[in-house]
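The chain contents come next:
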Amino acid sequence: MAEAADFQGTCPSPARQWLRRTGALLAGAPLLAGLLQLSAVAPAGAAEQTSAQAVSGSQTVSVSVDTFSPSVPTDGDTLTISGTVTNNGKQAVTGAHVGLRLGQALSTRSAIDTVAKRTDYIQGVDGSEVGDKYTEKFAKLTPGVAEPFTLSVPVDKLDLGDNGVYPLAVSLSGQTSAQPWDQVLGIQRTFLPWQPGEADTKTKTTYLWPLVSGVHMTAQTGSNEQQTPVFLNDDLAKEISPGGRLDQMLSLGKDLDVTWVIDPDLLASVDAMTRSYKIQGDGDTTTTGTHQAVAKAWLAELQSAVADKEVVALPFADPDLASLAHNGTSVTGSLSHLKDATDVAATTVETVLHVTPNTDFAWPVSGAVDPSIIKVATSAGADKVIARSDSLQETGGLPYTPSAARPIGGGTTAVVADARLSTAFEGDLTKAGDATLAEQKFLAQSLALDLQSDKQRSIVVAPQRMPTASQAQAMAEALTTLQGSTWSESQDLAAAAKAKPDPSATTKVPSSSAYPSSLRKQELPKSAFEEIATTQDKLDNFRVILSDESRVVTPFGRAVNREMSTSWRGRAGEAENFRQSVLGYLDDLTDQVKLIDKSETKLSGRSATIPVTVQNNLVQGVDHLVLRLTSTSPTRLKIGGKAYTEQRVTVNGGHSQSVKFTTSANANGKVTVVAQLYTQDGQEYGQAVSFDVKVTEVTATVMLVIGGGVLLLVLAGFRMYTHRKRAVARQAEEEGPDGPDDGAVEEPDGPENPVGPQDRLKEESGTPSRADDPEQPSDPTPDTAPESADPSGTGERVDR
């Protein structure tokens, strides 16, 4: 009545407002109590699921399972799991505890993949906690602080049923101030493989253990007798040193029953390190390597590890078969490099490890194949290709994983590695939690595979080519457990390839369009193979002139193999730099044999010889070279009577040799002459040298003038001779046979009667001496001392 008495547009009185609010509260009290009771009674219901999606799904608390022991428990064992929980939120977690949740056995391998991908807690699916007795409590989890935990539970308390793979989750439950009820705030799932008794039929498992590295050696070698090798860097020493990646692979693998898959280039590189070696520095500088002892120790340990094991040798430097198939076959000569790499592989392994390897297998990157890859892979002699099941996929709807061996036609066998097992240890496994999860998942997949069928099958595992040290550690731990399990036994790769194929397994190689684009993007481009072809052409042209071609062919042949290495994937810039360095060094060597530049040469006369010098700065002699000298104007200047002439050239190491060519000129002026070296098969070698020859030919007129001048000189001399002879004859007639007219006695010349050359000349000519002339008063006094009658000294002036 009071509310009815209120008029529209007016406010109720304060008393009426109070009565209305009180009534509303009293009426809603039961509903509010029911809601509170619902949330308190059913925290694991819808409210818990909602909070799990909002909080646990976002990993408010991260749970890391660092240890799982034993990895494959059996009856009577106690399962111990340890790890850490970390509050990633902004509010403290109170009333928390860590517990185990066991799910229902998984019936398929794909179900294992599904569980591994889940991050959120789902009631009923993840199971209930094993029990309060097997939990660890935390009063408070401070944000950002990792707290360790350890849970131990007897396997018998888990109530495991039949053999199989059970999902096992470690969850943390607690509450926050914003959500003050018990809920799952973090969860981590792993797997418990359960096979307490011997399996009726064991899976034969082949595990490949790859010893593969990147490219470390250059094409450069020292000029000494040992040809000291030069390394790109000292990274290989780090890999084989204690604790290094390859040291870990060797230390772990020697205690496992595995098939060793080895790149011979790695062996050749480490073997080179056992002796003197250099490390490339800035520019042309090098430093001396100092890890000979480490290299010797690593090789000795490897020789012992593989002494009684199966060894598969990849082609030298592990060439990229897919890149070659997709981009290299159109470049002439590319396939020949694969053949060379295959031929040298067995020799290298036998020389270094003293074992005979199997060279029948080809291993494309990630086991991805298409028809062109199969064709290239088998072109060098291999008749077995290691593929992977995510490439050669099953299309027949088989309910189980078939054996690895598949005949794919042409006498070729595809050995199909299991993709799930092969990729189990990829990614960052440096954290203990990640490594433990990978190990348990690997074991779970292996057991699930064995439980698929009563047929015994041969399964191959081909992991990544270059596992990290942490990946290798996880692989070894999982493989050690597997080899001691009740459902698997080890088998060599050759035996797996010979196993009877499953008739229902697919044998169809996927088309080229199905090749993964992510892998195709990392391939070597066609331009890389063109650069390799250029290097090979120059090498072929260079080798024919050498007296000891092995000093060049061997290091450069191996360098060409390294240019095609699979290790360059994802490193296009480094691959290009390596190819350029190989080509540049080859150019430097070929330039050591060259023609010396000549300046303008002058020829005077109709014929002359022109010397051309060949210089050899190599440490070895060169032969089988031909030097051709060509006149660009043979009508004016001929070489050996023709337009050009060739002569064979042989030059010792560190020497020069001058080769002389006969020329004949027909006219004056400049003529350009070109000198070019050729190999004996007619290929140009090095740069040509051009120079001008200036011809100053002597003509007939010039010869006539010169001849006339000579004749005049002869005639003048003859006239002087006859004139003097007549003068002497007249003087003899005037004196008569009895001597001088005055009857004086002629005294001989001597100190007392000196007769100078001037007086003797005057006597002979009939001219009276000046001393006999009467003195004239007007004669001037001489301004020099009287002439001496003695012979004039050297350099003295003589009056005539």
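Preceding this paragraph is the structure being described.
For clarity, every value in this text was computed on a predicted model and none was experimentally measured.

Chemist: Describe in detail the sheet that holds strand β4 (residues 136–141), supporting the description with residues and values.
Modeler: Spatially, the 4 strands line up as an open sheet ordered β4-β3-β6-β7, and their pairing is antiparallel. At either margin of the open sheet sits one strand with a lone partner, and together these are β4 and β7 (183–194). Within this sheet the neighbouring strands show an average axis-to-axis angle of 20°, counted without direction. Sheet topology places strand β6 (residues 164–175) next to β7; 11 bridges connect them, and they run antiparallel. Directly across from proline 167, in β7, lies its bridge partner phenylalanine 191.

Chemist: Lay out the packing of aromatic side chains with the relevant residues and their values.
Modeler: The description of an aromatic ring pair rests on the distance of the ring centres and on the angle between the ring planes. Enumeration over the complete set of coordinates arrives at 7 aromatic pairs. Arranged with centres 5.2 Å apart and planes meeting at 65°, the rings of phenylalanine 231 and tyrosine 277 form a pair that is edge-to-face. Here phenylalanine 231 is found in strand β10 (residues 229–231), whereas its partner tyrosine 277 is found in the loop between α6 (264–273) and β12 (278–280), with 46 residues between them in sequence. Residue phenylalanine 231 is classed as buried on the basis of its relative accessible area of 1%. With a relative accessible area of 0%, tyrosine 277 lands in the buried category. Relative to tyrosine 585, the ring of phenylalanine 556 has its centre 5.7 Å away and its plane inclined at 15°; by these criteria the two rings are stacked. Here phenylalanine 556 is found in helix α17 (residues 550–563), whereas its partner tyrosine 585 is found in helix α18 (residues 572–590), with 29 residues between them in sequence. On the basis of relative accessible area, tyrosine 585 is assigned to the buried category, the value being 18%. Here the aromatic cluster, defined as three or more aromatic residues joined through ring pairs, consists of Tyr207, Trp209, Phe425 and Phe442.

What counts and what doesn't
Residues numbered from 1 in each chain as written. Predicted model: local features only at pLDDT ≥ 70, side-chain atom pairs only at ≥ 80, totals over all residues. Heavy atoms only, no water. Pairing = 2+ DSSP bridges. Helix = DSSP H or I, 4+ residues; strand = E, 2+ residues; numbered from the N terminus. Axes fitted to C-alpha atoms, helices over the stretch in contact; angles between N-to-C directions. Phe/Tyr/Trp six-rings, centres within 6.5 Å; stacked < 30°, edge-to-face > 60°. Buried < 20%, exposed > 50% of the residue type's maximum accessible area, 1.4 Å probe, protein only.

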